[in-house]
Amino acid sequence: MRWTTSNIVSGMQTLLSKNSGVDGRQSVEALADIRRAMLDELAICAYRVNPTVEMSVTGATDIQDLWYLRGDLMAAIAATDGEAAAKRKMAHISTMFKGLLPRGLSSRPSPLGD
């Protein structure tokens, strides 16, 4: 087996995700809720702009995958509804991740105050 950087990073993410402090059932339910919220936003405004985002959200296997897709989702929403609307919608989705991610992945408060 050839060890690449992506294999090592993937293995580390798997180890870290198991130690996030969230029980399995809660994590599965949260994953489904967050996925549904993200897909709902895409269905409302931005699906036709970037259908690959929908495929990525649908294929996400854990909370961290969805966390990293927030930027793609915001870009897709902003393309049709504008950046201000996208920020409002993403703020709601981002709060759904509270307590589900390892400490280093959570959002930090903005120094700009918005």
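On a predicted model such as this, the values are computed, not experimentally measured, just so you know.

Peer 1: Lay out the confidence of the model for the protein chain with the relevant residues and their values.
Peer 2: Averaged over all residues, the pLDDT of the protein chain is 79; the fraction at 70 or higher stands at 68%. Across the protein chain, helix α4 (residues 63-68) holds the top mean pLDDT of 94, while helix α1 (residues 5-18) sits lowest at 54.

Peer 1: Got a sec to walk through the packing of helix α5 (residues 70-81) against helix α6 (residues 83-95)? Specific residues and values, please.
Peer 2: With their axes 8 Å apart at the nearest point, α5 and α6 run at an angle of 145° to one another. When you trace α5 past α6, the crossing you get is right-handed. Where α5 approaches α6, its residues R70, L73, M74, I77, A78 and D81 are matched on the opposing element by E83, A85, A86, K87, K89, M90, I93 and S94. Of the residues that constitute the contact of α5 with α6, the class distribution is 8 nonpolar, 1 polar and 5 charged.

Peer 1: Give a detailed account of α5, specifying residues and quantitative values.
Peer 2: Under the 1.5 Å per step criterion, the end-to-end length of α5 is 16 Å for 12 residues, consistent within 8% with the ideal 16 Å. Those residues of α5 that sit buried are R70, L73, A76 and I77. Seen from one end, α5 has its buried residues packed into an arc of 130°, which puts them on one side. Of the residues flanking the end of α5, it is G82, one or two places downstream, whose phi is positive at about 95°.

The rules behind these values
- Residues numbered from 1 in each chain as written.
- Predicted model: local features only at pLDDT ≥ 70, side-chain atom pairs only at ≥ 80, totals over all residues.
- Heavy atoms only, no water.
- pLDDT = per-residue confidence, 0-100.
- Helix = DSSP H or I, 4+ residues; strand = E, 2+ residues; numbered from the N terminus.
- Axes fitted to C-alpha atoms, helices over the stretch in contact; angles between N-to-C directions.
- Left-handed = near helix turned anticlockwise from the far one by under 90°.
- Contact = heavy atoms within 4.5 Å.
- Nonpolar A, V, L, I, M, F, W, Y, C, P; charged D, E, K, R; others polar.
- Expected span 1.5 Å × (residues − 1).
- Buried < 20%, exposed > 50% of the residue type's maximum accessible area, 1.4 Å probe, protein only.
- Arc of directions from axis to C-beta.

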